[in-house]
Amino acid sequence: MTEAEAVAALRAITDEVCALAGAVAEYPERWEPVPRIDGCAFSGYQCSTMGLVRSLDRTTPGGRALRGTVLKATPGSGGYVRVKLACDDPAHKPHTLTMQKIVLRTFAGECPPGMEARHLDSDPANNRWAPGNEEETRKAGGNLVWGTKAENHADKDDPQPPKPTYPCLNAFPRGTCDGKALNPGRRCIRCTVDVGIEAARMLRDGQNLETVRQHFGYKTGDWVFGLAVRYGGYPAELKDQARTQQPPLKGWRGWVARRVGAAG
Ligand SMILES: [Zn+2]
Ligand SMILES: [Zn+2]
């Protein structure tokens, strides 16, 4: 098994565990390769039913190994969020695509003639997808379907679900985030993804889960561990190890520990 195959296998397991964990009432999160869009291929990326895009681990032409990451989505006109993807064609500059287009192309196929992307709750930043007709999609927590212009217009008159309105925990003076959270004192979605990536890095460094929990100020270790699995690709089956592991000692303490170990 090559390293790439091992990573792919691990990802598949991680996705499955995420799916199981999130499968209470909603459609489980699923990652699929981003298909060709407008004639261009994007083989270095995957899209999730949660409305996220991530790059895959890759090696640069210079031989440097780069770890894949969830892409930062930026708000565009009308609140539609966009991401920048490198095209497989090296002659092309990166393409900026709306998240709804990537999600629908990945999970619902080509846009039928005369149709357009419909956000069922009218929130252009909610790009979650679930299969089925409109009603089934809604029930499963999805928000995107291909629909007609008339249907799209009618959506705007529907009652609105709660929107994130509270400043992100990482807003000034703690940080510079201008994202919004659904509840006071919480992080926006983008910062939550960042926590997951960083938490996974800390766990891989040997920090134990309690240290990671305190670092981010969460009430439960289970919650931050779930983020590390979902967004940082940390293996869900290593939870017990994450609770008990200790980082290798550095500096003079490490030197003493090694001497004592060598003597004993
Ligand atoms: Zn292209
Ligand atoms: Zn934020």
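Residues numbered from 1 in each chain as written. Chains lettered and ligands numbered in written order. Predicted model: local features only at pLDDT ≥ 70, side-chain atom pairs only at ≥ 80, totals over all residues.

Engineer: Which parts of the structure should I look at to understand the overall build of the protein?
Structural biologist: Tallying secondary structure elements over the protein gives 9 helices and 12 strands in all. Counting across all 264 residues of the protein, residues that qualify as buried make up 25%. Taking the intrachain contacts of the protein between residues at least 6 apart in sequence as the baseline, contacts between residues at least 24 apart amount to 48%. (Helix = DSSP H or I, 4+ residues; strand = E, 2+ residues; numbered from the N terminus. Buried ≥ 20, exposed ≤ 12 C-beta atoms within 10 Å, placed from the backbone. Contact = placed C-beta atoms within 7 Å.)

Engineer: Just checking my understanding: could you explain the environment of Pro-124 for this structure?
Structural biologist: On the secondary structure map, Pro-124 appears in the loop between β9 (116-119) and α3 (134-139). Here Pro-124 is in contact with Gly-78, Gly-79, Tyr-80 and His-119, once residues within four sequence places are set aside.

Engineer: Just checking my understanding: could you explain the nonpolar core for this structure?
Structural biologist: Nonpolar side chains in soluble globular proteins generally cluster together in the buried interior. Of all hydrophobic cores here, the largest spans 37 residues; its most connected members are Val-103, Ala-199, Leu-203, Val-224 and Ala-228. Elements represented by at least two residues in this core include exactly β3 (52-55), β7 (81-85), α2 (99-108), β10 (144-147), α5 (189-204), α6 (209-216) and α7 (221-232). Both domains that furnish three or more residues to this core are identified here as domain 1 (1-161) and domain 2 (164-252). Residues in contact with Ala-228, not counting those within four places in the same chain, are Gly-196, Ala-199, Ala-200, Leu-203 and Tyr-234. (Core = buried A, V, L, I, M, F, W, Y, C linked by C-beta atoms within 7 Å. Domains from an automatic or database assignment.)

Engineer: It is not clear to me how the sheet that holds strand β6 (residues 74-75) should be interpreted in this structure. Could you clarify?
Structural biologist: Read across the sheet, 3 strands follow the order β6-β7-β8 without closing on themselves; strand pairing throughout is antiparallel. The open sheet terminates on both sides in strands that have one partner only, identified here as β6 and β8 (95-98). Contacts between α2 and the sheet are confined to β7 and β8, with β8 contributing the most and set at about 75° to the helix. (Pairing = 2+ DSSP bridges. Axes fitted to C-alpha atoms, helices over the stretch in contact; angles between N-to-C directions.)

Shape is all these values report; function is a separate question.
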